[in-house]
Amino acid sequence: MLTTIYATAFYAASLLLAVALLRRIWLYAATPAPLKIPTTPAPLTKGGVALRMLREVTLFESLFKANKWIWLFGWIFHMALAVVLLRHLRYFLQPVPALIVLIQPVGVLAGFAMVAGLAALWARRFFVERIRYITGPSDHLMLALLMAIGCSGLAMKYLARTDIVAVKAFFLGLMYFDWRPLPADPALLVHLTLVLTLMVVFPFSKLLHAPGVFFSPSRNQADDSRERRHVPPSRLESTPRRA
């Protein structure tokens, strides 16, 4: 019964996440951006824009220029999260690639770094007045959810160990539609329930800045307004044709 409930929940959450996320990305891509509003100094070519976007998503360049402390904690959290996600690929791949095997010890340390970065980002919403002023309940709830996921994962590593072989068999079974029993350990069930919750709320939350940054006109536009002038369609239709 437990296996059926969680297997069905993961199928439903995965479908919702994929459909809602693809719809949101489609809406981002379909939204017109006729005005040239890149944040200056801006690149003049598409190649420069690509390089700028690469720096933005890997180094958080604009945040670094705005606030060094927030940049530090934000970068630590996001990089640690990336390592933790890579570490979890071992539950979905068989055989496990050598690179994923190598990062397993680092992934454990990244779990602590992720929680520490989250704690610092959450603390600023209490202690920095201008940040506290614009913080709403949803901000606290999302941070609490992420923190709970990180802490419950670490708890399974150091306080309430679970049968990771059975956990891997469960997720491989989901992928191949060959369900295997899910361990009934409370810590594992709490962790998986929190992950399911995140999968459901992600496409409707502020966490959509992850794909949204690629569609930000202030970042993905080249500063070529003089070279590539935009003329509204109505203006084109009203302009008399020359003989």
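Cut-offs used in this document
Residues numbered from 1 in each chain as written. Predicted model: local features only at pLDDT ≥ 70, side-chain atom pairs only at ≥ 80, totals over all residues. Heavy atoms only, no water. Helix = DSSP H or I, 4+ residues; strand = E, 2+ residues; numbered from the N terminus. Buried < 20%, exposed > 50% of the residue type's maximum accessible area, 1.4 Å probe, protein only. Contact = heavy atoms within 4.5 Å. Areas by Shrake-Rupley, 256 points an atom, 1.4 Å probe, with all protein chains shown as cover. Lys, Arg positive; Asp, Glu negative; His and termini not counted. Charge placed at Lys NZ, Arg CZ, Asp CG, Glu CD. Axes fitted to C-alpha atoms, helices over the stretch in contact; angles between N-to-C directions. Parallel < 35°, antiparallel > 145°, perpendicular 65-115°, else oblique. Left-handed = near helix turned anticlockwise from the far one by under 90°. Core = buried A, V, L, I, M, F, W, Y, C linked by side-chain atoms within 4.5 Å.

Q: Which parts of the structure should I look at to understand the overall build of the protein chain?
A: In terms of regular secondary structure, the protein chain is built from 13 helices and 0 strands. Along the first, second and third principal axes, the C-alpha atoms of the protein chain reach 80 × 45 × 40 Å. Within the protein chain, the proportion of its 243 residues that are buried is 34%. Partitioning the intrachain contacts of the protein chain with sequence separation of at least 6 by distance along the chain shows that 71% fall at a separation of at least 24. If you sum the accessible surface of the protein chain, you get close to 15700 Å²; carbon and sulfur atoms cover 71% of it. Counting 26 positive and 11 negative side-chain charges, the protein chain places the centres of these two groups 3 Å from one another.

Q: Hey, could you run me through the environment of valine 167 in this one?
A: With respect to the secondary-structure elements, valine 167 resides in helix H9 (residues 164-175). Separated by 21 residues in sequence, valine 167 and leucine 188 place their C-alpha atoms 9.0 Å apart. Those residues in contact with valine 167, other than ones at most four positions away along the chain, are Tyr91, Thr162, Pro183 and Leu188.

Q: Mind showing me how you'd approach the environment of glutamate 61 here?
A: As for its position among the elements, glutamate 61 is in helix H3 (residues 61-66). Along the backbone, glutamate 61 and tryptophan 71 are 10 residues apart, and their C-alpha atoms lie at a distance of 8.6 Å.

Q: When you look at the packing of helix H8 (residues 137-158) against helix H10 (residues 186-201) in this model, what are you seeing that I'm missing?
A: How two helices pack is summed up by the angle between their axes together with the distance between the axes. Packing of H8 against H10 leaves a shortest axis separation of 9 Å and a crossing angle of 150 degrees. Classed by the angle they form, the pair H8 and H10 counts as roughly antiparallel. By crossing handedness, the relation of H8 to H10 is classed as left-handed. Residues Met142, Leu145, Leu146, Ala148, Ile149, Ser152, Gly153 and Met156 of H8 lie in contact with H10, whose contacting residues are Ala187, Leu188, His191, Leu194, Val195, Thr197, Leu198 and Val201.

Q: Quick question: what am I supposed to make of the side chain of arginine 219 here?
A: Position of arginine 219 among the secondary structure elements: in helix H12 (residues 217-220). The buried category is assigned to arginine 219, whose relative accessible area is 14%. Excluding anything up to four places from it in sequence, arginine 219 contacts Thr39, Val49, Arg52, Met53, Glu56, Ser62 and Val213.

Q: Would you mind showing me how to read the nonpolar core here?
A: The tendency in soluble globular proteins is for nonpolar side chains to be buried side by side. Residues Phe77, Leu118, Leu145, Leu146 and Leu198 are the most contacted members of the largest nonpolar core, which totals 19 residues. Listed by contribution, the elements that provide at least two residues to this core are helix H4 (68-87), helix H6 (104-127), H8 and H10. Among the elements that make up this core, the one with the highest residue count is H8 (7 residues). Apart from the residues lying within four places of it in its own chain, the contact partners of leucine 198 are Met142, Leu145, Leu146, Ile149 and Leu207.

Structural measurements only, silent on function.
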